[in-house]
Amino acid sequence: MRILTFVVAALLLTMPGMTTSAKADGFQQVKNKSTFVSLMSGRELTRYGINLVVTPDGRIDGKAFGRDVKGAWRWQGGYFCRDLYWGQRDLGANCQMVKRQGRTIRFISDKGTGEFADLQLSVG
């Protein structure tokens, strides 16, 4: 169960112990779809054991700890809203605030009021 919690966190949902009360010094909010798509274009989101591609046409594909990750996303009201599967497990829907600092992309669950996960942008 502990590994599942970590994977869910790293898969753009939550990060145990890392709440939005943590300092976000230097992070700038991504406020529109065109900026987000530009950031993701031709790149992967990575973290230990995780490689994800977020495509301009609304797909999320990749692997996390040996299991396929599949999902869909849309930009809605200034938030990255996604539905996600890790293997056969439905991780559900969540709309998240997106912030950027250099190559780090921070996804903050529950429209910016929840916990966060940081992933790195790399060339895909």
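Everything numeric here is computed off the predicted structure, so don't read it as measured data. (Residues numbered from 1 in each chain as written. Predicted model: local features only at pLDDT ≥ 70, side-chain atom pairs only at ≥ 80, totals over all residues. Heavy atoms only, no water.)

This next bit is on the overall build of the chain. Across its full length, the chain carries three helices and nine strands. Secondary structure elements in the chain, listed N-terminal to C-terminal, are α-β-α-β-β-β-β-β-β-β-α-β. The buried share of the chain, taken over its 124 residues, is 45%. Long-range pairs, those at least 24 residues apart, make up 46% of the contacts in the chain between residues at least 6 apart in sequence. Per element, the accessible surface of the chain, about 6500 Å² overall, is 50% carbon and sulfur. (Helix = DSSP H or I, 4+ residues; strand = E, 2+ residues; numbered from the N terminus. Buried < 20%, exposed > 50% of the residue type's maximum accessible area, 1.4 Å probe, protein only. Contact = heavy atoms within 4.5 Å. Areas by Shrake-Rupley, 256 points an atom, 1.4 Å probe, with all protein chains shown as cover.)

On to the environment of A117. Relative to the helices and strands, A117 resides in strand β9 (residues 116-123). Spatially, the C-alpha atom of A117 lies 10.0 Å from that of T104, the residues being 13 residues apart in sequence.

Looking now at the nonpolar core. F36, L45 and F80 are the most contacted members of the largest nonpolar core, which totals 24 residues. A total of four residues in this core trace back to one element, the largest contributor, which is helix α2 (residues 33-40). Residues in contact with L45, not counting those within four places in the same chain, are M40, I50, N51, L52, V54, I105, F107, L119, Q120 and L121. (Core = buried A, V, L, I, M, F, W, Y, C linked by side-chain atoms within 4.5 Å.)

In total, this model carries seven aromatic pairs according to the counting rule given. When the ring centre of F27 is taken as origin, the NZ or CZ atom of R106, which lies over that ring, is 4.0 Å away. (Phe/Tyr/Trp six-rings, centres within 6.5 Å; stacked < 30°, edge-to-face > 60°. Lys NZ or Arg CZ within 6 Å of the ring centre and 35° of its normal.)

Positionally, V30 belongs in strand β1 (residues 28-30). Note: C-alpha distance between V30 and F80 (50 residues apart in sequence) is 9.5 Å. Each residue touching V30, except ones within four places of it in the same chain, is listed here: T35, F36, L39, W75, G78, V98, K99 and R100.

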